[in-house]
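What follows is the residue order along each chain.
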Amino acid sequence: MTDSWDQPGCYRVADGVFRIPLQMPQDGLRAINVYALETTHGLALVDGGWHRNSTHAELSDALALIGRSPAEIHDIYVTHVHRDHYTFAVELRRRHGSRIHLGAAESPGIAAITKLGNNVPESSILQLHRSGAVTIAEQVYRDSVDEPFEPSDWEAPDHWLSPGALDIPGHRFFAVHTPGHTKGHMVFHDLERDVSFTGDHVLPTITPSIGFELGDWELPLGAYLRSLEMMLDDRDRIMMPAHGGTGASLHARCRELLAHHAYRLNQTASAVVELREASGLQVAQVLTWTRRERGFDSLDTFNQMVATCETLAHLDVLVDRGQLSVQNKNGVDLFSSN
Ligand SMILES: [Zn+2]
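Peer 1: Whenever I open this one, the pairing of strand 16 (residues 332-337) confuses me. Can you help?
Peer 2: Consecutive side chains along a regular strand alternate between the two faces of the sheet. Bridging between strand 15 (residues 324-329) and strand 16 involves 6 bridges; their strand directions are antiparallel. Residue K329 lies in a different strand from strand 16, and its bridge partner there is V332. The hairpin turn running from strand 15 into strand 16, its antiparallel successor, is 2 residues long, and N330 in that turn takes a positive phi close to 50°.

This is the structure we're talking about:
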């Protein structure tokens, strides 16, 4: 694993499997890995990439390095509905007739995005109100209506995936439903090579955001923690993540993420004890953020939203576990310890 995983190219990561990092704008994520698989009659992709003007040329240049072209892509297996994974799959279908496969539980997400016609993260805004973070909610709303949005980037897939074997010619793949990052996120295990395409469910260096999508969620963090534990019930495999280099042990990284959330749950519970009664925003403001332990006020609005929603997700799990109580006052949830 190197720090320069995002350098353009086409990297052989297993027999007949190539990692292709496609550049991302603005985002701290730097690039999105799509994986090209050689099949008996062409290529299959895991994840589609972010549809931008330059994406087709970028992918063509990368595939040319192994004597291939995007026209050979017959199927695309997308781990989840987020823009950087899904939208270029739609463009590849338009140009080359590739079939798109997406987890069945992403269907409400697709419906909500196409109906809304903008980038406003509606459910996150509701969570911000529930956290007492009205100013942040208003700012996030203003920022996101201004963002460019192309509703035609999202269209329904050809096939909604259920957990189970995938019919990729010449391969033995198995899809597992891993809700948490989104409702219908899927991880694809390659049973022959013992590698796992983990999408954004398990990333090597960052903690994936939880439940950042449209539509209502019942305890997204609870679902996420169960989806991490589920990875440990199966054999260990080498990670092929959507952001970052390949090669880490899936089990080792799942254990780190579980430990991280256990630690954050403890910190969150202690903060509520100290504050006696507190909203999600008030708890988020006394916790520290990012690996650099930054204060809440030093984050930009988008990351204040992420931090507040993340805090609320931890508070909800603590209520579910019986460690905290919650009372709604004027639309704001106030948490106290039992
Ligand atoms: Zn994502």
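The rest of the description comes next.
Peer 1: Would you take a moment to explain the environment of I66 for this structure?
Peer 2: With respect to the secondary-structure elements, I66 resides in the loop between helix 1 (55-64) and strand 5 (73-78). By C-beta crowding, I66 is classed as partly exposed, having 14 other C-beta atoms within 10 Å. Taking the C-alpha atoms as reference points, I66 and C10, 56 residues apart in sequence, are found 7.5 Å from one another. Each residue touching I66, except ones within four places of it in the same chain, is listed here: C10 and F18.

Peer 1: I would appreciate a short explanation of the sheet that holds strand 8 (residues 164-166) in the present structure.
Peer 2: Sheet strands line up and pair through hydrogen bonds in the backbone, either parallel or antiparallel. Across the sheet, 5 strands lie side by side as 8-9-10-11-12; this open sheet has mixed pairing. Both edges of this open sheet fall to strand 8 and strand 12 (238-241), since each of them pairs with a single strand only. Each neighbouring strand pair of the sheet contributes to a mean axis angle of 30°, computed without reference to strand direction. As paired strands, strand 9 (residues 173-177) and strand 10 (residues 186-190) are joined by 5 bridges and run antiparallel to one another. Paired with F173 across the strands is D190, a residue of strand 10.

Peer 1: It is not clear to me how the nonpolar core should be interpreted in this structure. Could you clarify?
Peer 2: A general trend in soluble globular proteins is that nonpolar side chains are found buried together. Ranked by size, the top nonpolar core spans 73 residues in total, and within it Y35, A36 and L45 carry the most contacts. For this core, the leading source of residues is helix 9 (residues 301-320), giving 9 residues. Counting residues domain by domain, this core receives three or more from each of domain 1 (11-256) and domain 2 (274-337). Apart from residues no more than four positions distant in its own chain, A36 is found in contact with F18, I20, L43, L45 and L63.

Peer 1: Honestly, the domain arrangement of the protein in this entry has me stumped. Any pointers?
Peer 2: Interfaces are frequently sized by the accessible area removed from exposure as the parts join. What the domain assignment reports for the protein is domain 1 (11-256) and domain 2 (274-337). The interface of domain 1 with domain 2 comprises 19 residues on the first partner and 20 residues on the second. Contributions of two or more residues to the side of domain 1 that touches domain 2 are made by helix 4 (122-130), helix 5 (134-146) and helix 6 (220-233). Sort the elements by how many residues they give to the side of domain 1 that touches domain 2 and helix 4 lands first, with 5 residues. For the side of domain 1 that touches domain 2, the per-class residue count stands at 8 nonpolar, 9 polar and 2 charged.

Peer 1: What's the story with the environment of L275 in this structure? I'm lost.
Peer 2: Structurally, the position occupied by L275 is in helix 7 (residues 250-275). The spacing of L275 and V306 is 31 residues in sequence and 21 Å in space, taken between C-alpha atoms. Filtering out sequence-adjacent residues up to four positions away, L275 remains in contact with Q282, V283 and V286.

Peer 1: Looking at this model, I keep getting lost on the sheet that holds strand 7 (residues 159-161). Mind explaining?
Peer 2: Read from one edge of the open sheet, 7 strands run 1-2-3-4-5-6-7, paired in mixed fashion. In this open sheet, the two edge strands, each paired with only one partner strand, are strand 1 (11-14) and strand 7. Adjacent strand axes in the sheet meet at a mean angle of 30° when their direction is disregarded. Sheet topology note: the strand 6 (residues 99-103)/strand 7 ladder contains 3 bridges and is parallel.

Peer 1: Sorry, what's going on with the packing of helix 4 against helix 5 here?
Peer 2: The relative placement of two packed helices comes down to the angle between their axes together with the axis-to-axis distance. Relative orientation of the contacting elements helix 4 and helix 5 amounts to 160°, with a least axis distance of 8 Å. By the angle class used here, helix 4 and helix 5 are roughly antiparallel. Remark: the crossing between helix 4 and helix 5 carries left-handed chirality. Contacts from I125, L128 and H129 of helix 4 reach helix 5 at V134, I136, A137, V140 and Y141.

Peer 1: It is not clear to me how the packing of helix 5 against helix 9 should be interpreted in this structure. Could you clarify?
Peer 2: The contact between helix 5 and helix 9 brings their axes to 9 Å, and the two run at 125°. Between helix 5 and helix 9, the angle falls in the class oblique. Two packed elements cross with a definite hand, and for helix 5 against helix 9 that hand is left-handed. Touching I136, Q139, V140 and D143 of helix 5 are T301, F302, Q304, M305 and T308, all from helix 9. Its residues assigned to classes, the contact of helix 5 with helix 9 comprises 4 nonpolar, 4 polar and 1 charged.

Reading the values: rules and limits
- Residues numbered from 1 in each chain as written.
- Predicted model: local features only at pLDDT ≥ 70, side-chain atom pairs only at ≥ 80, totals over all residues.
- Pairing = 2+ DSSP bridges.
- Helix = DSSP H or I, 4+ residues; strand = E, 2+ residues; numbered from the N terminus.
- Buried ≥ 20, exposed ≤ 12 C-beta atoms within 10 Å, placed from the backbone.
- Contact = placed C-beta atoms within 7 Å.
- Axes fitted to C-alpha atoms, helices over the stretch in contact; angles between N-to-C directions.
- Core = buried A, V, L, I, M, F, W, Y, C linked by C-beta atoms within 7 Å.
- Domains from an automatic or database assignment.
- Nonpolar A, V, L, I, M, F, W, Y, C, P; charged D, E, K, R; others polar.
- Parallel < 35°, antiparallel > 145°, perpendicular 65-115°, else oblique.
- Left-handed = near helix turned anticlockwise from the far one by under 90°.

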